[in-house]
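A structural walkthrough
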Amino acid sequence: MTSIILCRHGETDWNTQGRYQGRTDVPLNARGREQARALAFRLSDERVDVVYSSTLERAYDTAVAIAQMHGLDVRRDPRLDEIDQGSWEGLRRDEIARRHPAELAAWEHHPIDLRLPGGETLEEVRLRVRSALDDMMLLHDGKVICLVAHSVSMAIVKHELPGLSLREALARLPANASWERIPVPTYDLIRAARL
């Protein structure tokens, strides 16, 4: 049966500072590098057939630690990148609240159709992540796919596969260097095969 091991990247300095990262390529900090090694060790006894990551360094470096433990290479896919948060990137929530109060309120209460200032909508992220999932499921039927990504792109995966509502998935954002196994429903395998 096809399944996905869904992992979030290790910690960055912007995570500890509460800054919105989005597409800004912030590297892992020392603790994040240690978290990546610890995550790789936790997954060392799990079956992993292929490892994918976003193109952003924090996800890629986390994925490399996992892949090395299994003798695999990492396949980078820009469709797994974090949501483009535009002009919010590098800012903390309190700074965004001062500069963009209406948009922040909309993001926190009704984010589905909101285009972040200079960035993406959740629907745009959903479409690109769904496309990546369909390609992976078609290429790796019956395999265990390790996917290393970001909080919002991971929420989209949990919306698309286990069927959480997008609101539920966004309310359960994962901690840095956490992982969970997600079985791929038969419907999604059939959908990928028809593409």
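Structure report, in brief. (Residues numbered from 1 in each chain as written. Predicted model: local features only at pLDDT ≥ 70, side-chain atom pairs only at ≥ 80, totals over all residues. Heavy atoms only, no water.)

Before going further, it helps to spend a moment on helix H2 (residues 30-42). Its 13 residues give H2 an end-to-end C-alpha distance of 19 Å, which sits within 8% of 18 Å, the value for a rise of 1.5 Å per residue. Gly32, Gln35, Ala36, Leu39 and Ala40 are the residues of H2 that are buried. Down the axis of H2, the buried side of the element spans an arc of 135°, and every buried residue falls inside it. Exposed and facing more than 90 degrees away from the buried side of H2 are Arg31 and Phe41. At its buried positions, H2 is contacted by strand E1 (3-8), helix H3 (57-69) and strand E5 (179-183). The distance from a side-chain oxygen at the start of H2 to the backbone nitrogen of Arg31 is 3.1 Å, and the residue carrying that oxygen is Asn29. (Helix = DSSP H or I, 4+ residues; strand = E, 2+ residues; numbered from the N terminus. Expected span 1.5 Å × (residues − 1). Buried < 20%, exposed > 50% of the residue type's maximum accessible area, 1.4 Å probe, protein only. Arc of directions from axis to C-beta. Contact = heavy atoms within 4.5 Å. Polar contact = N/O pair within 3.5 Å; in protein donor to acceptor, adjacent residues only side chain to side chain.)

Attention now moves to the sheet that holds strand E4 (residues 144-149). Within a sheet, each strand pairs with its neighbour through backbone hydrogen bonds, oriented either parallel or antiparallel. Judged by pairing direction, the sheet is mixed, and its 5 strands sit side by side in the order E3-E2-E4-E1-E5 without closing on themselves. Strands at the two margins of the open sheet, each flanked by one partner only, are strand E3 (74-76) and E5. Recorded for the sheet is a direction-independent mean angle of 25° between the axes of neighbouring strands. Where E1 and E4 come together, 6 bridges link them in parallel fashion. Each residue of the ladder has a partner; that of Leu6, found in E4, is Leu147. The sheet strands contacting helix H7 (residues 151-160) are E1, E4 and E5, and the helix crosses E1 at an angle near 155°. (Pairing = 2+ DSSP bridges. Axes fitted to C-alpha atoms, helices over the stretch in contact; angles between N-to-C directions.)

In short, shape yes, function no, at least from these values alone.
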